[in-house]
Amino acid sequence: MIDKAAYLDAMNITRWRSADKPGKPYLVLHDVDADLSEQGFIEQVLALLDVLPEQCDFDCELLKGPQVVWDMRKVKMRPRVAWLVSAPLSEVIQSADEKRQLWQQICQHRNKVA
């Protein structure tokens with residue numbers, strides 16, 4: 001049995017949202033073919049930003065409304081409104097330099113908020 005949400009995500013189909021139902025306040029952008037199996041890493045980064053994964057939508061397109069917390073798409077689109085901008089997750093996990101850049105952005109964001 002295929003998971004309906006996983007199927008829609010794989011087909012890059014944006015789901016309809018009722019205007020009277022509030023959406024999640026945060027958004028994490030990733031590539032269509034992104035493998036987010038390293039969910040633990042994502043949870044750790046979000047925790048450093050005081051954001052829970054349950055508060056986030058994970059999508060490959062910018063949605064109007066939620067604050068973009070992390071843009072990990074290979075091709076970056078303007079305007080850049082994300083708190084964090086990095087390479088795709090698979091590259092970040094394998095590269096010390098990408099992790100260092102991500103950590104610097106996390107520190108900058110935390111200093112702005114504090």
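The structure this text deals with has already been given above.
So, how was this worked out
- Residues numbered from 1 in each chain as written.
- Predicted model: local features only at pLDDT ≥ 70, side-chain atom pairs only at ≥ 80, totals over all residues.
- Heavy atoms only, no water.
- Helix = DSSP H or I, 4+ residues; strand = E, 2+ residues; numbered from the N terminus.
- Contact = heavy atoms within 4.5 Å.
- Buried < 20%, exposed > 50% of the residue type's maximum accessible area, 1.4 Å probe, protein only.
- Salt bridge = Lys/Arg side-chain N within 4 Å of Asp/Glu carboxyl O.
- Pairing = 2+ DSSP bridges.
- Axes fitted to C-alpha atoms, helices over the stretch in contact; angles between N-to-C directions.
- Parallel < 35°, antiparallel > 145°, perpendicular 65-115°, else oblique.
- Nonpolar A, V, L, I, M, F, W, Y, C, P; charged D, E, K, R; others polar.

### A closer look at the environment of W83
- Position of W83 relative to the elements: it lies in the loop between strand 3 (67–71) and strand 4 (84–85).
- Between the C-alpha atoms of W83 and I106, which are 23 residues apart in sequence, the distance is 8.0 Å.
- Setting aside anything within four residues of it in sequence, one finds W83 in contact with Y26, L49, V51, Q67, V68, V69, Q105 and H109.

### Brief notes about the environment of L89
- Following the sequence through the fold, L89 ends up in helix 3 (residues 89–94).
- On the basis of relative accessible area, L89 is assigned to the buried category, the value being 4%.
- With 47 residues separating them in the primary sequence, L89 and I42 have C-alpha atoms 8.4 Å apart.
- Contacts of L89, omitting those with residues within four sequence positions, involve D35, L36, E38, F41, I42, W70 and M72.

### With respect to the pattern of salt bridges
- Scanning all chains against the criterion turns up 3 salt bridges.
- A salt bridge links D97 to R100, with the nearest nitrogen and oxygen atoms 3.1 Å apart. With D97 and R100 both in helix 4 (residues 96–113), this residue pair falls 3 residues apart, about one helical turn.
- Overall, the relative accessible area of 46% leaves R100 in the partly exposed class.

### Examining the pairing of strand 3
- In terms of residue burial, strand 3 counts as a mostly covered element, since 4 of its 5 residues are buried.
- Judged from the 4 bridges that link them, strand 1 (residues 26–29) and strand 3 form a sheet pairing that is parallel. Pairing of V28 across the sheet is with W70, part of strand 3.
- Direction of pairing for strand 3 relative to strand 4: parallel, over a ladder of 2 bridges. The residue of strand 4 that forms the bridge with D71 is V85.

### A closer look at the sheet that holds strand 3
- An order of 2-1-3-4 is seen for the 4 strands of this open sheet, with the pairing classed as parallel. Each edge of the sheet is formed by a strand with only one pairing partner; in this case those strands are strand 2 (56–59) and strand 4.
- Of the strand pairs in this sheet, strand 1 and strand 2 are connected by 4 bridges, and their pairing is parallel. Bridge pairing in strand 2 places Y26 opposite C56.

### A look at the packing of helix 2 (residues 39–48) against helix 4
- Following both chains from N to C, one finds helix 2 and helix 4 inclined at 30°, their axes separated by 10 Å at the closest point. Judged by the angle between their axes, helix 2 and helix 4 are roughly parallel. Each of F41, V45 and L48 in helix 2 lies in contact with helix 4, whose residues at this interface are L102, W103, I106 and R110.
- Looking at side-chain class alone, the contact of helix 2 with helix 4 contains 6 nonpolar, no polar and 1 charged residues.

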